[in-house]
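Okay, here's what each chain looks like letter by letter:
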Amino acid sequence: MGIKELCLRTLEADGRALLAAAGRDPQAPVAACPPWTVDKLVGHMGRIHTWVTHLVTSRAQERISSRDFDEGPDGDPAARIEWAAERHAALVEALRGVDEEEPVWGFLQGVGPARFWLARQALETAMHRWDAQAATGEPEPVDADLGVLGVDEVLGVFLPRMAESAAAVSTAASMHLHCTDRDGEWLLRFGENGTALTHEHAKGDVAVRGGGGDLYLLLWNRIGHDRLQVFGDASLLDRWAARVSI
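Residues numbered from 1 in each chain as written. Predicted model: local features only at pLDDT ≥ 70, side-chain atom pairs only at ≥ 80, totals over all residues. Heavy atoms only, no water.

Asker: Explain the side chain of Arg129 residue by residue, including any values.
Answerer: Note that Arg129 resides in helix H4 (residues 115-136). On the basis of relative accessibility, which here comes to 1%, the residue Arg129 falls in the buried class. Among the polar contacts listed, one links the side chain of Arg129 to the side chain of Gln133, at a separation of 2.8 Å. (Helix = DSSP H or I, 4+ residues; strand = E, 2+ residues; numbered from the N terminus. Buried < 20%, exposed > 50% of the residue type's maximum accessible area, 1.4 Å probe, protein only. Polar contact = N/O pair within 3.5 Å; in protein donor to acceptor, adjacent residues only side chain to side chain.)

Asker: Explain helix H7 (residues 212-219) residue by residue, including any values.
Answerer: Of all the eight residues making up H7, seven are buried; the element is thus mostly covered by neighbouring parts of the structure. The elements touched by buried residues of H7 are H4, helix H5 (144-158), strand E3 (173-179), strand E4 (185-191), strand E6 (206-210) and helix H8 (235-243). Looking at the residues trailing H7, positive phi occurs at Asn221, about 60°. (Contact = heavy atoms within 4.5 Å.)

Asker: An account of helix H2 (residues 38-58) is needed here, citing residue identities and associated values.
Answerer: In this model, H2 (21 residues) spans 30 Å end to end at C-alpha, consistent with the 30 Å of a helix rising 1.5 Å per residue. Of all 21 residues that make up H2, 16 are buried, and the element is covered over most of its length. Arg59 sits one or two residues past H2 and shows a positive phi near 50°. (Expected span 1.5 Å × (residues − 1).)

Asker: Quick rundown of the sheet that holds E3? Include the residues and the values.
Answerer: Strands sit in the order E5-E4-E3-E6-E7 across an open sheet of five strands; the sheet is mixed. Looking at strand neighbours, the two that pair on one side only are strand E5 (194-198) and strand E7 (229-232), the edges of this open sheet. Adjacent strand axes in the sheet meet at a mean angle of 15° when their direction is disregarded. Inspection of the sheet shows E3 paired to E6 by five bridges, in the parallel sense. Note that in E6 the partner of Leu177 across the bridge is Val208. Most of the contacts of H5 go to E4, to which it runs at about 15°, and overall it touches E3, E4 and E5. This element, H7, spans E3, E4 and E6 of the sheet and lies at about 145° to E3. (Pairing = 2+ DSSP bridges. Axes fitted to C-alpha atoms, helices over the stretch in contact; angles between N-to-C directions.)

Asker: Requested: an account of the pairing of E6, with residues and values cited.
Answerer: Counting buried positions along E6 yields four of five residues, so the element is predominantly enclosed. Looking at chain direction, E6 and E7 are connected through four bridges and run antiparallel. In the sheet register, Val206 faces E7, and the bridge partner there is Gly232.

Encoded structure:
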């Protein structure tokens, strides 16, 4: 399955599931994003979806701030859910209509291939869908293929820009992640000059085995390492949870 097909499929499903969860209890607190409620989370996602729709449809070539867009009706959760559903549908259509290689501005890449937004929006929506479901009931797993894409993003895109946080985890250790339901292995080496990432089967100071979705949730500090198989120095994972906030 290609990146675009994967991201559109999960973005559609996770967006609908997020809003369905919000309808159950809009005022439920979102544990991972204090002091947000689920209603606030819906407003945030609607704003981000509106922003990215504008970037993609205009084929933006320079920075446009997400703060230029609002969060929909305030004080009326049902109206905000309806508003956010319209924004989500517009985003799906905008991303469906763009070629993966078409240049569009993105906050991590500058002007680069539009696949950045396909992946980022699918991943952000999946994560916050999980948050909304966890706040209002039992969360469904993150898609395993999308989870693998998300681990690549965390370790290969976000973490190199977070030198201080990485150094707080370690400057002389390694972490190996092994995906058990899809192809995927990552060896992350922490050093004094930052982190180095390779895709290989190798021994790390700590090794973590689990499904792609759970590995992604672990790196985003949504679940603890007790949900996965861990070998070696688990204190590295504890320091990650305490120090790395993406």
